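A closer look at the structure
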Amino acid sequence: MSEEQKKDKYSADSIQALEGMEHVRMRPSMYIGDVGTRGLHHLVYEVVDNSIDEALAGHCDSIEVTINEDNSITTRDNGRGIPVEIHKKEGVSALEVVMTKIGAGGKFDKDSYKVSGGLHGVGVSCVNALSDHLHAYVYREGKVWEQEYEKGKPLYPVKSTGDTDFRGTMVTFKPDPTIFQQTLEYNYDTLASRMRELAYLNKGITITLTDMRHKDDEGEYVSETFHSDEGLKEFVRFLDASRNPIIGNVIAMEGEKNDIPVEVAMIYNDSYAENLHSYVNNINTHEGGTHLSGFRRGLTSTLKKYADASGMLDKLKFEIAGDDFREGLTAIISVKVQEPQFEGQTKTKLGNREVTSAVSQAVSEMLENYLEENPSDAKIIVEKVILAAQARHAAKKAREMVQRKSVMSIGGLPGKLSDCSEQDPALCEVYLVEGDSAGGTAKQGRDRMFQAILPLRGKILNVEKAMHHKVFENEEIKNIFTALGVTIGTEEDSKALNLSKLRYHKVIIMCDADVDGSHISTLILTFFFRYMKELIEAGHIYIAAPPLYLVKKGAKKQYAWNDDQRDQIVKEFGENSKIQRYKGLGEMNAEQLWDTTMNPEFRTLRQVSIDNLTEADRIFSMLMGDEVPPRREFIEKNAVYANIDA
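Each chain has its residues counted from 1, following the order in which its sequence is written. Note on the predicted model: pLDDT of at least 70 is required for a residue's local features to be given, and 80 or more for side-chain atom pairs to be given and counted; whole-chain, interface and lining totals, by contrast, use all residues. Side-chain measures were taken over the full set of non-hydrogen atoms in the model, leaving aside hydrogen atoms and water.

1. A look at the overall build of the protein chain
Secondary structure counts use DSSP, requiring at least four H or I residues in a row for a helix and at least two E residues in a row for a strand, with both numbered from the N terminus. A tally of helices and strands in the protein chain yields 20 helices and 22 strands. The contact rule is simple, with two residues in contact once any of their heavy atoms fall within 4.5 Å. Considering only residue pairs separated by 6 or more positions, the protein chain has 70% of its internal contacts joining residues 24 or more positions apart.

2. Some words on the sheet that holds strand β15 (residues 429–434)
In this description, strands pair whenever DSSP reports at least two bridges between them. Spatial strand order, β16-β15-β17-β18-β22: 5 strands in an open sheet with mixed pairing. Looking along the sheet, the strands with just one partner apiece sit at the ends: β16 (451–456) and β22 (605–607). Between one strand axis and the next, the sheet turns by 25° as a mean value, whatever way the strands run. Convention adopted: a line fitted to C-alpha atoms gives each axis, helices being fitted over their contacting stretch, and angles between N-to-C directions are expressed from 0 to 180 degrees. Set on the sheet, helix α14 (residues 475–484) makes contact with β15, β16 and β17 (506–510); between it and β16 the angle comes to about 165°. Sheet strands touched by helix α15 (residues 515–531): β15, β16, β17 and β18 (541–544). Its angle to β17, the strand with the most contacts, is close to 150°.

3. As for the pairing of strand β1 (residues 62–67)
Direction of pairing for β1 relative to strand β8 (residues 206–215): parallel, over a ladder of 6 bridges. Note that in β8 the partner of E64 across the bridge is T208. Pairing geometry for β1 and strand β2 (residues 73–77), over 5 bridges, is antiparallel. Residue pairing for β2: I63 is matched across the bridge by D77. What sits between the antiparallel neighbours β1 and β2 is a turn of 5 residues, in which N71 has the positive phi angle 70°.

4. Concerning the packing of helix α9 (residues 290–310) against helix α10 (residues 354–373)
Running from amino to carboxyl end, α9 crosses α10 at an angle of 35°, the nearest separation of the two axes being 7 Å. As α9 runs across α10, the sense of the crossing is right-handed. Under the scheme applied, nonpolar residues are Ala, Val, Leu, Ile, Met, Phe, Trp, Tyr, Cys and Pro; charged residues are Asp, Glu, Lys and Arg; polar residues are all the others, including Gly. Partitioned by chemical class, the residues of the contact of α9 with α10 number 9 nonpolar, 10 polar and 3 charged. For any helix crossing, the convention is left-handed if the near helix is rotated counterclockwise from the far helix by under a right angle, and right-handed if that rotation is clockwise.

5. Some points on the packing of aromatic side chains
Each aromatic pair joins two rings of Phe, Tyr and Trp (for Trp, the six-membered one) with centres within 6.5 Å, and gets the label stacked for planes under 30 degrees apart, edge-to-face for over 60, and tilted for any other angle. The tally for this structure, following the rule as stated, stands at 9 aromatic pairs. Measuring from ring centre to ring centre gives 5.8 Å for Y200 and F238, while their planes differ by 40°; the resulting arrangement is tilted. Residue Y200 is located in helix α7 (residues 188–201), and its partner F238 is located in helix α8 (residues 232–239); the two are separated by 38 residues in the primary sequence. Comparing Y200 with F238, the two get one shared label, buried. Looking at R566, its charged tip hangs above the ring of Y549, at a distance of 4.8 Å from the centre. A cation sits over an aromatic face here: R581 above Y549, 5.6 Å from the ring centre. Summary of the burial criterion: residues with accessible area below 20% of their type's maximum are buried, those above 50% are exposed, and those between are partly exposed, where the area comes from a 1.4 Å probe applied to protein chains only. Comment: the charge-over-ring label is applied if NZ (Lys) or CZ (Arg) is within 6 Å of the ring centre and within 35 degrees of the ring normal.

6. Thoughts on the confidence of the model for the protein chain
Per-residue pLDDT for the protein chain averages 85, and the proportion of residues at 70 or more is 86%. As a per-residue quantity, pLDDT reports the predictor's confidence and falls between 0 and 100. For the protein chain, helix α20 (residues 628–638) is the element with the lowest average pLDDT, namely 54, and β1 is the one with the highest, namely 98. Across residues 490–494, confidence stays below pLDDT 50; counting only partners more than four residues off in sequence or on other chains, it has 8 contacts. A low-confidence stretch, residues 639–646 stays under pLDDT 50, and its non-local contacts, those more than four residues away or across chains, total 12 contacts.

7. Focus on the side chain of E263
By secondary structure assignment, the location of E263 is in strand β11 (residues 260–268). None of His or the chain ends enter the tally, which takes Lys and Arg as positive and Asp and Glu as negative. A pairing counts as a salt bridge when a side-chain nitrogen of Lys or Arg comes within 4 Å of a carboxyl oxygen of Asp or Glu. Buried charge without a partner: E263 forms no salt bridge, and the closest opposite charge is K203, 4.6 Å away. With sequence-adjacent residues up to four places away left out, E263 is seen in contact with G231, L232, M253, E254, I332, I333 and S334.

8. Some remarks on the nonpolar core
Judged by nonpolar contacts, the single largest core of 54 residues is most densely connected at M266, F295, L299 and V335. Beyond its immediate chain neighbours, meaning those up to four positions away, F295 contacts V264, M266, L276, L329, A331, I333, V359 and V363. Of all hydrophobic cores here, the second largest spans 47 residues; its members include I63, L130, L134 and A199. The set of buried Ala, Val, Leu, Ile, Met, Phe, Trp, Tyr and Cys residues whose side-chain atoms join them within 4.5 Å is what this entry labels a nonpolar core.

9. Digging into unusual backbone geometry
Unusually for a residue other than glycine, N71 sits at a positive phi of about 70°. Secondary-structure assignment places N71 in the loop between β1 and β2. Of note in the backbone geometry, D259 takes a positive phi value of approximately 65° without being a glycine. For D259, the location among the structural elements is in the loop between β10 (251–257) and β11. The class for D259 is exposed, based on a relative accessible area of 64%.

10. Looking at the environment of I508
One can find I508 in strand β17. Sequence separation between I508 and Q607 is 99 residues; the distance between their C-alpha atoms is 8.9 Å. Once you skip the residues sitting within four places of it in the chain, I508 turns out to touch E429, V430, Y431, L432, Y542, I543, A544, R603 and L605.

11. Some remarks on α8
Every buried residue of α8 is listed here: L232, F235, V236, F238 and L239. Buried residues in α8, looked at end-on, bunch into an arc of 160°, giving them a common side. Here the arc refers to the directions that run from the helix axis out to each C-beta atom.

Written out as structure tokens, the structure is:
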């Protein structure tokens, strides 16, 4: 049998079962990260990853994902269909093996799949184990095969139920409410952003997402189709839609180095942020790794060589640093690795050493060709690098001023901070409060033992449009840095954030429940996302939720956080209910603020997390950047149910 025939042969013998899955239901977070919203959506990604693996192997080009009315999920592809023959070792259908054995899958058989994403075979069986009910259909060799499961256990053997001209696999599953107790409701936008991402990362594939729970203005079910012919080039344009490019083209390449497929796309814009997004086998490696190191090495060495040869650096009195070459750069690096080695359980940092040189070589060749063929763009890029170097030196002086202020001020803390008496950071929380008035009320209402208050004057600097040294010179931002006690970073690694001296493990943004308050919250979140992302990733950032209304009738009173709650309370209280609308935090007295927004027993805090780094980057640049049309379109679409949390 030829090598090509071996690759196309996908049968029961291709399925390798590694271990049982009894442990999954007992320890679900070990397999899907958590049993909250993120874990719920991760189930969908695992099933879709199987279809993507078929596409990577060249056997599938269409994937359909449907959110059903009952919040169950159906995925369908036009791949080869999971094998259904009897598995020699297990004695049951290969479909049942795939669905009920952790680590069972064709992706362990190198003749079936060269590379794969997902959790390396954990995927669909893990989804099955955590589902109340799962129904699998296989359309293979003219027959329809199916099997159903409850909580991972088959209800009957795999059976043939008819003939078909279609081929592929369809899976419908409903998550188990005893596992996912926080929520069972899927978020359409969360799934859409991941499907869009997969379409860009795997050009030529068509992914359709349909929501059977909602209809559009024309009475059709909400649906989007994602398809990309240019892959990462289109992805970069999408991410940078709200930024102003300074060069005419997206610099892109794809090829294979040392048997590792590498695809890179990048563009320079007039912002001051570096936005690098890296993927391994479609997995977003937000902690980077060897592929990102290779990109940085190739970029820096090639651009520096060109800049030195151009003579444009002759008048500079200091060395250009690696960071200078990446200011205003948006880049996507995607590699396919046959046996990826990830650091840690979360699979967010690649460890394969051989990938560094492969990516570095690919980037060097791509850039050398582009710079030679586009001298005007090359000059613009080098000029941007020089400006970045000058700004970095100014920012270094500004950072030193912040550090010096921390040392010289009383206790190293800003004068406006009302600190708490507890010394253990894990027990402490600080409220970043909009305005001195609300800050004064919060100081009166707080529990001084563990709650600190830092009032902020008006709207802080929009860091999305500010040079680095301007950020560090801003008084309110300096106060945040010094109050939190974190180390800003050194010249060698200006983006590093040392959390070992963080003074509060809960950093709570508390602003008015109005448009201005939302804008200030977004400004603060943008600052944390661009300069203290580690705080968000470690789960330290929260948004307080002050009530909008107080409803009274006689001795009865109740708070409402939205119009629906207000109307329900008024209905319960009856006629002649009095409604007080809080225009701002300053309108509450200290007792009311404590009862509704600061008392840990009754308050509502929204923890800020980053489910999709590329999508968060795109939204922050759109909301806080210069381009008005995309921002207006986003607000018009999301105004009714917008949620500021990243």
